[in-house]
Amino acid sequence: SAVISQKPSRDICQRGTSLTIQCQVDSQVTMMFWYRQQPGQSLTLIATANQGSEATYESGFVIDKFPISRPNLTFSTLTVSNMSPEDSSIYLCSVVLGDRDTDTQYFGPGTRLTVL
Amino acid sequence: QKEVEQNSGPLSVPEGAIASLNCTYSDRGSQSFFWYRQYSGKSPELIMSIYSNGDKEDGRFTAQLNKASQYVSLLIRDSQPSDSATYLCASHSGAGSYQLTFGKGTKLSVIP
């Protein structure tokens, strides 16, 4: 597996502000994803972070609200823009390791966001 | 729409017993299946992956897959209080798609 770190680990933010979350991996990975886990819920995929190109967003998520950067194969950022209390969640990045037949996703430690 | 279904629980078992966690999926094209364990306030941790029909054992954990029935299970033998967590079942369709579809998770409590 890879060592995945996220910054910040938690934050409390005011409504209307933005927060950028960083995800760093200790090895080069092709596939990287961003998930959201709302309180008491399972994981929902926000987008696939594509290296060198625009992220691919899932239904219900838009670039203006969740801009993503992926400047290289070890790093990505997710910004939560113009936050509201409904954005209070845990945000997780994940990476895929393994080959085509035995690929596995591993998750970072998460960023716990509270919006007041 | 791809769905993965799990009983939300809580599932309570006494220490030393076998815990049985079940999962069904709607997408017949799903090829890969995963069980993650998530402690409260922590991120999901991979426990088992299974790709072929049958059983796969790893220590106290056994994953079972039946593609005809679209059914995946996880057995935990000799359950310990430290196994108390939420267990998430996930699948993806393979063929270059790495996007996971998660169930809502089953909360397991192992009673000392």
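Only a predicted model underlies this, so the values are computations on that prediction, with no experimental measurement involved. (Residues numbered from 1 in each chain as written. Chains lettered and ligands numbered in written order. Predicted model: local features only at pLDDT ≥ 70, side-chain atom pairs only at ≥ 80, totals over all residues. Heavy atoms only, no water.)

J.: Would you mind going over the overall build of chain A in detail, with residue names and values included?
T.: Broken down by element type, chain A carries zero helices and eleven strands. Shown N-terminal to C-terminal, the secondary structure of chain A runs as helices and strands in the order β-β-β-β-β-β-β-β-β-β-β. Relative to its length of 116 residues, chain A is compact, with a C-alpha radius of gyration of 14 Å against a globular reference of 13 Å. Its C-alpha atoms give chain A principal-axis dimensions of about 40 × 25 × 25 Å. Residues counted as buried form 51% of the 116 residues belonging to chain A. Carbon and sulfur atoms make up 47% of the accessible area of chain A, which amounts to about 5,500 Å² in all. (Helix = DSSP H or I, 4+ residues; strand = E, 2+ residues; numbered from the N terminus. Rg over C-alpha atoms; globule rule 2.2 N^0.38 Å. Buried < 20%, exposed > 50% of the residue type's maximum accessible area, 1.4 Å probe, protein only. Areas by Shrake-Rupley, 256 points an atom, 1.4 Å probe, with all protein chains shown as cover.)

J.: Run through the sheet that holds strand β3 (residues 19–25) of chain B, naming residues and quoting values.
T.: All names here are of chain B. With antiparallel pairing, five strands are arranged side by side in an open sheet as β1-β3-β8-β7-β6. Edge strands, defined here as strands with exactly one partner in the open sheet, are β1 (4–6) and β6 (54–58). Sheet twist, expressed as the mean angle between neighbouring strand axes with direction ignored, is 20°. Alignment of β1 against β3, held across three bridges, turns out to be antiparallel. Note that in β3 the partner of Q6 across the bridge is C23. (Pairing = 2+ DSSP bridges. Axes fitted to C-alpha atoms, helices over the stretch in contact; angles between N-to-C directions.)

J.: Lay out the sheet that holds strand β3 (residues 19–25) of chain A in plain terms, naming residues and giving numbers.
T.: Residues and elements named next belong to chain A. Taken in spatial order, the four strands make up an open sheet running β1-β3-β8-β7, and their pairing is antiparallel. The open sheet has two edge strands, β1 (4–7) and β7 (68–72), and neither has a second partner. Taking the axes of each pair of neighbouring strands and ignoring which way they run, one obtains an average angle of 15° across the sheet. As defined by bridge partners, β7 adjoins strand β8 (residues 75–80) across three bridges and the pair is classed as antiparallel. Across the sheet, the residue bridging to S69 is T77, located in β8.

J.: I'd like a rundown of the confidence of the model for chain B, residues and numbers included.
T.: The predicted model of chain B averages 92 in pLDDT, with 96% of residues at 70 or higher. Per-element confidence in chain B is highest for strand β8 (residues 71–76) of chain B, whose mean pLDDT is 97, and lowest for strand β10 (residues 101–102) of chain B, whose mean pLDDT is 92. (pLDDT = per-residue confidence, 0-100.)

J.: Outline the state of the cysteines, supporting the account with residue identities and numerical values.
T.: Scanning the entire structure with this criterion turns up two disulfides over all chains. In this model A:C23 forms its disulfide with A:C93; the gap between the sulfur atoms is 2.0 Å. Taking the sign of the S-S torsion, about 70° here, the bridge from A:C23 to A:C93 comes out right-handed. Linking A:C23 in strand β3 with A:C93 in strand β9 (residues 89–97), this pair joins segments that are 70 residues apart in sequence. For the pair A:C23 and A:C93, a shared accessibility class is recorded, and that class is buried. Here B:C23 pairs with B:C89 through a disulfide, and the sulfurs are 2.1 Å apart. The sign of the -75° torsion about the S-S bond sets the B:C23-B:C89 disulfide as left-handed. On the criterion of sequence distance, the pair formed by B:C23 in strand β3 and B:C89 in strand β9 (residues 85–92) is long-range, its members being 66 residues apart. By relative accessible area, B:C89 is classed as buried at 1%. Among the cysteines around A:C13, which has no disulfide bond, A:C93 carries the closest sulfur, lying 17 Å off. (Disulfide = S-S within 2.5 Å.)

J.: Tell me about the interface of chain B and chain A, and name the residues and values.
T.: On the side of chain A, 22 residues touch chain B, which itself brings 18 residues to the contact. Counting each side, the surface lost to burial between chain B and chain A is near 1,600 Å², with a carbon and sulfur contribution of 55%. Broken down residue by residue, the surface that chain B buries against chain A is led by B:Y98, B:Q99 and B:F102, which jointly contribute 35%. Joining chain B to chain A, the criterion identifies five residue pairs in polar contact (both at pLDDT 80 or more). Secondary structure elements with two or more residues in the side of chain B that touches chain A: β4 (32–38) and β9 of chain B. A per-element tally of the side of chain B that touches chain A places β4(B) first, with three residues. A class-by-class count of the residues in the side of chain B that touches chain A yields ten nonpolar, seven polar and one charged. (Contact = heavy atoms within 4.5 Å. Buried area = accessible area lost by both parts, 1.4 Å probe. Polar contact = N/O pair within 3.5 Å; in protein donor to acceptor, adjacent residues only side chain to side chain. Nonpolar A, V, L, I, M, F, W, Y, C, P; charged D, E, K, R; others polar.)

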